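Examining the three-dimensional arrangement
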Amino acid sequence: MEANLFLLLASGALIAAGTYLMLDRAMTRMLMGILLIGNGANLLILQSGGPAGSPPILFRDSEIHPDQTSDPLAQAMILTAIVISLAMTSFILALAYRQYRYRTADVIEDDLEDAAIAARPATAAAAPDHDASDDPETGRLTAEGDSFGPKSFEDPVKEADDE
């Protein structure tokens, strides 16, 4: 199989431009980046389908290329990718419209809660799944572990383990 150099360069340029646009903070540029990456991926799938040939229809009398048939899988995958990219585009446009209605700005800002979580210390006491019931005064881990109720809750489990 011979690859078409122009289609390879075009798909590489589309994917590179889409990646560059995806890294921007503007919602419309992110949308354009997603569309460009999707179109570049469709060109790559088209290249993987091989050269053009006759339609894959059995008992066809008028064949354009009698020695080879085209691969229908690549074309079906491209059609599926087009439908998926259309749905994703409509979803992102709805998000952009909602953001415009509330903030009238296209730029996505940093989330303050994400920054606070990233700045949290790496100790076990600061972990999000840490239960403060270990030590009520300091919240640090103790040898007893988490206490979630009276000792009678844990007695049957201990008796079953001893048998």
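In this convention, every chain numbers its residues from 1, walking through the sequence in written order. Per-residue local features are limited, in this predicted model, to residues with pLDDT of at least 70; the limit for side-chain atom pairs, both in listing and counting, is 80 or more; totals at the level of whole chains, interfaces and linings are taken over all residues. Excluded from the side-chain calculation are hydrogens and water; included are all heavy atoms of the structure.

**Focus on the overall build of the protein**
Heads up, the condition is: Secondary structure counts use DSSP, requiring at least four H or I residues in a row for a helix and at least two E residues in a row for a strand, with both numbered from the N terminus. Type-normalised accessible area, obtained with a 1.4 Å probe on protein chains alone, sets the label of each residue: buried when under 20%, exposed when over 50%, and partly exposed for intermediate values. What makes two residues a contact is simply this: any of their non-hydrogen atoms within 4.5 Å.
What the protein contains, in helices and strands, is 5 helices and 0 strands. For the protein, the N- to C-terminal ordering of α and β elements is α-α-α-α-α. Buried residues in the protein amount to 15% of all 163 residues. In the protein, 44% of the contacts between residues at least 6 apart in sequence involve partners at least 24 apart.

**With respect to the confidence of the model for the protein**
When pLDDT drops low, the exact placement of atoms in the prediction is not to be read closely. We apply this condition: Confidence of the predictor in every single residue is expressed as pLDDT, which spans 0 to 100.
Residues at a pLDDT of 70 or more form 69% of the protein, whose mean pLDDT is 77. Within the protein, helix 5 (residues 155-162) has the poorest average pLDDT of any element, 54, and helix 1 (residues 5-22) the best, 94.

**So, the packing of helix 2 (residues 27-48) against helix 3 (residues 72-103)**
For the record, the criterion: Comment: axis = line fitted to C-alpha atoms, over the contacting stretch for helices; angle = value between 0 and 180 degrees taken between N-to-C directions. Any angle that falls under 35 degrees is termed roughly parallel, while one over 145 is termed roughly antiparallel, one within 65 to 115 roughly perpendicular, and all others oblique. Any residue that is not Ala, Val, Leu, Ile, Met, Phe, Trp, Tyr, Cys, Pro, Asp, Glu, Lys or Arg is counted as polar, Gly included; the first ten are nonpolar and the last four charged.
Their axes nearest at 10 Å, the elements helix 2 and helix 3 cross at an angle of 180°. Put simply, helix 2 runs roughly antiparallel to helix 3. Mapping the contact onto sequence places Met27, Leu31, Ile34, Leu35, Asn42, Ile45 and Leu46 in helix 2 and Ala74, Met77, Ile78, Ala81, Ile82, Met88, Thr89, Ile92, Leu93, Leu95, Ala96 and Gln99 in helix 3. Split by residue class, the contact of helix 2 with helix 3 holds 16 nonpolar, 3 polar and no charged.

**Observations concerning the pattern of salt bridges**
Basically, it comes down to this: Salt bridge, as used here: a side-chain nitrogen of Lys or Arg that lies within 4 Å of a carboxyl oxygen of Asp or Glu.
Counting across every chain of the model gives 1 salt bridge. Arginine 29 is the salt-bridge partner of aspartate 24, the closest N and O atoms lying 2.7 Å from each other. Here aspartate 24 falls in the partly exposed class, since its relative accessible area comes to 26%. The class of arginine 29 is partly exposed, set by a relative accessible area of 45%.

**Focus on the packing of helix 1 against helix 2**
Spelled out, the test is: Each crossing gets its handedness from the near helix: less than a right angle anticlockwise from the far helix is left-handed, clockwise is right-handed.
Taken N-terminus to C-terminus, the directions of helix 1 and helix 2 make an angle of 155°; their axes are 7 Å apart at the nearest point. Compared by their axis directions, helix 1 and helix 2 come out roughly antiparallel. Seen along the crossing, helix 1 lies across helix 2 with a hand that is left-handed.

**Notes on the side chain of serine 11**
For serine 11, the location among the structural elements is in helix 1. Not counting residues up to four positions away in its chain, the partners in contact with serine 11 are Gly40, Leu43 and Leu44.

**Details of the environment of alanine 26**
Note that alanine 26 resides in the loop between helix 1 and helix 2. Judged by relative accessible area, which is 13%, alanine 26 ranks as buried. Residues alanine 26 and valine 107, 81 residues apart in the sequence, show an inter-C-alpha distance of 4.4 Å. Excluding its chain neighbours within four sequence positions, the residues that come into contact with alanine 26 are Asp106 and Val107.

**A word on the environment of leucine 93**
When you line up the elements, leucine 93 lands in helix 3. Taking C-alpha positions, leucine 93 is 8.8 Å from methionine 27, a pair spaced 66 residues apart along the chain.

**Considering helix 3**
The test is simple: To estimate the expected span of a helix, subtract one from its residue number and multiply by 1.5 Å.
Taking 1.5 Å as the rise per residue, helix 3 with 32 residues should run 46 Å; its terminal C-alpha atoms sit 46 Å apart, in good agreement. Taken together, the buried positions of helix 3 are Ala74, Ile78, Thr89, Ile92, Ala96 and Gln99.

**Overview of helix 1**
Counting along an α-helix, one turn takes 3.6 residues, and residues three or four places apart therefore face a common direction. Quick reminder of the rule: The arc in question is formed by the directions pointing from the helix axis toward the C-beta atoms.
Its 18 residues place the ends of helix 1 26 Å apart at the C-alpha level, agreeing with the 26 Å of an ideal helix rising 1.5 Å per residue. Among all positions of helix 1, only Leu7, Ser11 and Gly18 are buried. The arc that holds the buried residues of helix 1, viewed along the axis, is 35°, so those residues lie on one side. Opposite the buried face of helix 1, by more than 90 degrees, sit the exposed residues Leu5, Phe6, Leu9 and Tyr20.

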